[in-house]
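Per-entry structural report
If you want the building blocks of each chain, they are given just below.
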Amino acid sequence: MGLQINNDIPLREKNIVLIGFMGVGKTTIGRHLSDKLYRDFIDIDQEIEKLHGMPVPKIFESMGEQAFRQMEKEFITKLCRTTRLKIISLGGGSFLQEEIKQVCLANSIVFYLDLSWDSWKDRLQLIMDSRPVLQNKSLEEIEKLFYSRQSIYEANNSKVSTDSLDPEEIADHIIDTIKLGWELYDPASDAF
Ligand SMILES: Nc1ncnc2c1ncn2[C@@H]1O[C@H](COP(=O)(O)OP(=O)(O)O)[C@@H](O)[C@H]1O
Ligand SMILES: O=C(O)C1=C[C@@H](OP(=O)(O)O)[C@@H](O)[C@H](O)C1
Ligand SMILES: [Mg+2]
């Protein structure tokens, strides 16, 4: 069965969902988008952390990755079905779950932050300690994981190549793209 787009939500009110590999900047750029578009920002990892009162690595350690994936699924599914006008940054592994992918594509505008491996590996030290999936892996193993996940992010509405752009430039690019879409496909709406 093909994807069923939810046409009950006006395009301008759809949540904007950011996807991409760990460390590409989903959380950082989501915050910029939220400031620039005057919309609430929801970072799924941070919501799960608040709910359980511990950081993601601790959740992985004490409850296991399976439990974390289940929380991700429940959280994202509910948000996508019940909210509008939000900026939502997912965790890099969430699109591995088919149900999450489907619910995001059906109800929101999905933006892929695409960063090359060469640029990404310069960022590894910044994120290494806070990403349990990267623990105890060699650079070669991480590279394999990086490439093995690229295809899952190809399910998107739009993507931006983020190499050599700073977060503000990336956010501006996303806003330009989204506004063009609004003007083309939802010109009559008075919403934002
Ligand atoms: N465009 C960018 N250029 C340089 N560094 C960036 C950029 N975007 C994010 N970063 C840095 O990369 C790290 C990971 O960013 P983060 O937003 O947490 O990524 P994600 O949520 O995709 O894992 C942070 O230290 C952040 O400051
Ligand atoms: O890719 C992954 O499997 C994960 C990515 C992380 O989020 P970021 O993509 O924001 O780093 C976080 O959800 C968790 O550590 C697992
Ligand atoms: Mg993040």
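Report follows, based on the coordinates. (Residues numbered from 1 in each chain as written. Chains lettered and ligands numbered in written order. Predicted model: local features only at pLDDT ≥ 70, side-chain atom pairs only at ≥ 80, totals over all residues. Heavy atoms only, no water.)

**A look at the nonpolar core**
- Among the nonpolar cores identified, the biggest contains 55 residues, and Leu90, Phe95, Cys104, Trp120 and Ile174 are the most heavily contacted of them.
- Considering every element that reaches this core, the biggest residue donor is helix 9 (residues 167-185), with six residues.
- Excluding its chain neighbours within four sequence positions, the residues that come into contact with leucine 90 are Val17, Leu18, Ile19, Lys26, Ile44, Ile76, Phe95, Ile100 and Cys104. (Core = buried A, V, L, I, M, F, W, Y, C linked by side-chain atoms within 4.5 Å. Buried < 20%, exposed > 50% of the residue type's maximum accessible area, 1.4 Å probe, protein only. Helix = DSSP H or I, 4+ residues; strand = E, 2+ residues; numbered from the N terminus. Contact = heavy atoms within 4.5 Å.)

**What about the sheet that holds strand 2 (residues 41-43)?**
- Spatially, five strands are ordered 2-3-1-4-5 in an open sheet, and the strand pairing comes out parallel. The sheet terminates laterally at strand 2 and strand 5 (158-161), the two strands that pair on one side only. With direction set aside, neighbouring strand axes in the sheet form an average angle of 20 degrees.
- Note that strand 2 and strand 3 (residues 87-89) share three bridges and pair parallel. By the bridge assignment for strand 3, phenylalanine 41 is matched with isoleucine 87. (Pairing = 2+ DSSP bridges. Axes fitted to C-alpha atoms, helices over the stretch in contact; angles between N-to-C directions.)

**Considering the pattern of salt bridges**
- On inspection of all chains with the given rule, the structure shows 13 salt bridges.
- Where glutamate 47 meets lysine 50, a salt bridge forms, and the shortest distance between an N and an O atom there is 3.1 Å. Taken as a pair, glutamate 47 and lysine 50 lie in helix 2 (residues 44-52) at a separation of three residues, close to a single helical turn.
- For lysine 50, a relative accessible area of 61% translates into the label exposed.
- Residues joined in a network through salt bridges with shared partners are Lys36, Glu168 and Asp172. (Salt bridge = Lys/Arg side-chain N within 4 Å of Asp/Glu carboxyl O.)

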